[in-house]
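Descriptive structure summary
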Amino acid sequence: MERIVFFASLNTFFGKRLQLGYPEIFDDFQIFNKTLYVGVRSKLAFRLNPRADQARRRLLDNFDKWVDTELEEWEDNGPVWNEKWGVKLNWERENLLRKHDFTMRGRACSHVSFLYVMNLNSAPMTTWFLINIIQSPNLLSRFQAECQECLIPSSDGKLAFDLQTLKARPLVQGVWKESLRLGSASAVARVLAQDIELDGYMLKQGSVIFIPVQLLHYNNGIFPDPEAFDPDRWVFNEEDTSQSEMRQKQMAAHLRPFGGGNGICSGRFIAEDEVILAAATLLTKYDFYMQGQVQLNPRALGIMSPKDKVWVKIRAK
Ligand code: HEM
């Protein structure tokens, strides 16, 4: 499944050139990712693991080749996607990077980081979102009922949802936010551009500081019984105005899976759409049977994946 999702996203976002010239990209990406979590700002993990170091080099060398090509005008016959650049967004990014005199390696790194954020956040998030629903028969039937109500009738038998309505449903929002809250191992970091005093602490220019995402997400003053997956904690009683408004604000301020400020995840709305739509489609078309409980692997930099393989039986309805 991971391989299929990876290549689908690679070819969608980066066109056809990468997979054709570099079929080992999935295996290299896997080793690269398993090693990277050790220290995103240090190369030590790669120095200690020569195989991972080689995978990282191959990945970057292939992205060097991918950017080292003529950048023609975007032809109108492919408004969103073409074989050479994939989605237009990537061609635009490359344009911008060249305009700002990024080196070839700098541009390659920027594109690799895009491949990274696409694959290591939304895909595991879809898995985790589905697991949370499938594990609870009650939640499964409530979620499926919401999906049924948002189905758009179609004459050709294709499944389509009114996504705007579906994702605005309080229960669907609850599952989304609760999955983000418990599934994030995010390491959002900033390098201080100048000395700053914060709560009586003097922080020095050049220091790397992290948003303590898990401390926020597990704050039991804000999320009572924080270990529990409870989508209904995000479902507020609309009649109970002021208090619930304050609580909503506090909870929202403590949910930081997408970072913040200028660097906040620019794909967060796409991510929400793709995860909810994928889950709605799968849960409407298939029955799922899962064995055992799932534990997440904390060795991650974005959204955590299951620690061990998950066995799932899927049957068309
Ligand atoms: C559940 C899914 C996702 C999560 C949890 C997530 C999380 C994050 C986080 C924590 C950051 C760093 C933010 C910061 O430093 O303040 C980030 C950055 C970024 N994400 Fe996402 N992301 C997700 C999906 C996506 C998707 C689907 C895309 C693209 C289609 C995307 C594109 C980006 C980009 C381009 C950045 C860099 C932003 C910048 O530095 O200006 N993300 N993401």
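Predicted, not measured: the structure shown is a model, and the values here were computed from it. (Residues numbered from 1 in each chain as written. Predicted model: local features only at pLDDT ≥ 70, side-chain atom pairs only at ≥ 80, totals over all residues. Heavy atoms only, no water.)

Regarding the state of the cysteines
What we call a disulfide is simply a covalent bond connecting the sulfur atoms of a pair of cysteines. For clarity, the threshold we go by: Disulfide assignment relies on a single distance test, namely cysteine sulfur atoms paired within 2.5 Å. Residue exposure (1.4 Å probe, protein chains only): buried if accessible area is under 20% of the type maximum, exposed if over 50%, otherwise partly exposed.
Applying the stated criterion across every chain yields a total of 0 disulfides. Between Cys147, a free cysteine, and Cys150, which holds the nearest cysteine sulfur, the sulfur-to-sulfur gap is 7.4 Å. Take Cys147: its relative accessible area is 0%, and that puts it in the buried class.

What about the UniProt feature "binding site: heme" (unreviewed entry) in the protein?
Our working rule: UniProt positions are given in the numbering used here, feature names are shortened, and annotations may be inferred rather than shown by experiment. Numbering of helices and strands runs from the N terminus; a helix is a DSSP stretch of H or I covering at least four residues, while a strand is a stretch of E covering at least two.
According to UniProt, the feature "binding site: heme" (unreviewed entry) maps to Cys265 in the numbering used here. One can find Cys265 in the loop between α12 (241–253) and α13 (268–285).

Observations regarding the site of the ligand
This is how the line gets drawn: For each residue, the test is whether any non-hydrogen atom lies within 4 Å of the molecule or strand; if one does, the residue is near. Counted as a polar contact is a pair of N or O atoms within 3.5 Å, where, for protein atoms, one must be capable of donating a hydrogen and the other of accepting one, and residues adjacent in sequence contribute only when both atoms are in side chains. Each residue gets one label: Ala, Val, Leu, Ile, Met, Phe, Trp, Tyr, Cys and Pro are nonpolar, Asp, Glu, Lys and Arg are charged, and the others, such as Gly, are polar.
With respect to spatial proximity, 20 residues lie near the ligand, and among them Asn121, Arg190, Gly260, Gly263 and Cys265 are the closest. At a separation of 3.4 Å, a nitrogen atom of the ligand approaches a polar side-chain atom of Asn121. A distance of 3.5 Å separates an oxygen atom of the ligand from a polar backbone atom of Gly263. If you list the elements that add at least two residues to the shell around the ligand, you get α7 (104–134) and α13. Of the residues forming the shell around the ligand, the biggest block, 5 residues, is contributed by α7. Each residue belonging to the shell around the ligand can be placed in one class, and the counts come to 10 nonpolar, 8 polar and 2 charged.

Topic: the environment of Asp287
Our working rule: Residue contacts are counted whenever heavy atoms from the two residues lie within 4.5 Å of one another.
Among the structural elements, Asp287 can be located in strand β7 (residues 286–290). When sequence neighbours within four positions are dropped, the list of residues in contact with Asp287 reads Lys313, Ile314, Arg315 and Lys317. Polar contacts involving the side chain of Asp287 include one to the side chain of Lys317, which spans 3.3 Å.

Description of a nonpolar patch on the surface
Rules: Grouping into patches uses exposed residues only, defined as over 30% relative accessible area, and leaves out salt-bridged ones; the cut-off is 9 Å for like charges and 5 Å for nonpolar side chains (Val, Leu, Ile, Met, Phe, Trp, Tyr). Accessible areas in this description were obtained via Shrake-Rupley with a 1.4 Å probe; residue shielding takes into account the shown protein chains only. In the sections that follow, a salt bridge refers to a side-chain nitrogen of Lys or Arg positioned within 4 Å of a carboxyl oxygen of Asp or Glu.
On the surface, Val191, Val208 and Phe210 cluster together into a nonpolar patch covering about 270 Å² of accessible area. For Val208, the location among the structural elements is in strand β6 (residues 208–210).

As for the layout of surface pockets
Operational definition: Throughout, the protein atoms alone are placed on a 1 Å grid, and a set of points is a cavity if a 1.4 Å probe fits but cannot get out or a pocket if it is open with protein on both sides within 12 Å along at least five of seven lines; lining residues have an atom within 4 Å of a point. Grid points are joined across faces, edges and corners, and a volume is the space filled by probe spheres set on the points.
For the second largest pocket, the calculated volume is near 290 Å³. In this structure, the second largest pocket is lined by 13 residues; those nearest its centre are Trp128, Leu182, Glu227, Val294 and Leu296. Counted by class, the lining of the second largest pocket contains 7 nonpolar, 5 polar and 1 charged residues.

Describing α13
Rules: One less than the residue count of a helix, multiplied by 1.5 Å, gives the span that helix is expected to have.
Compared with the 26 Å implied by 1.5 Å per residue over 18 residues, the 26 Å span of α13 between its first and last C-alpha is a close match. Of the positions making up α13, those classed as buried are Ala271, Glu272, Val275, Ile276, Ala279, Ala280, Leu283 and Thr284. Packed against the buried residues of α13 are α7, α8 (137–149), α9 (163–168), α10 (170–183) and β7.

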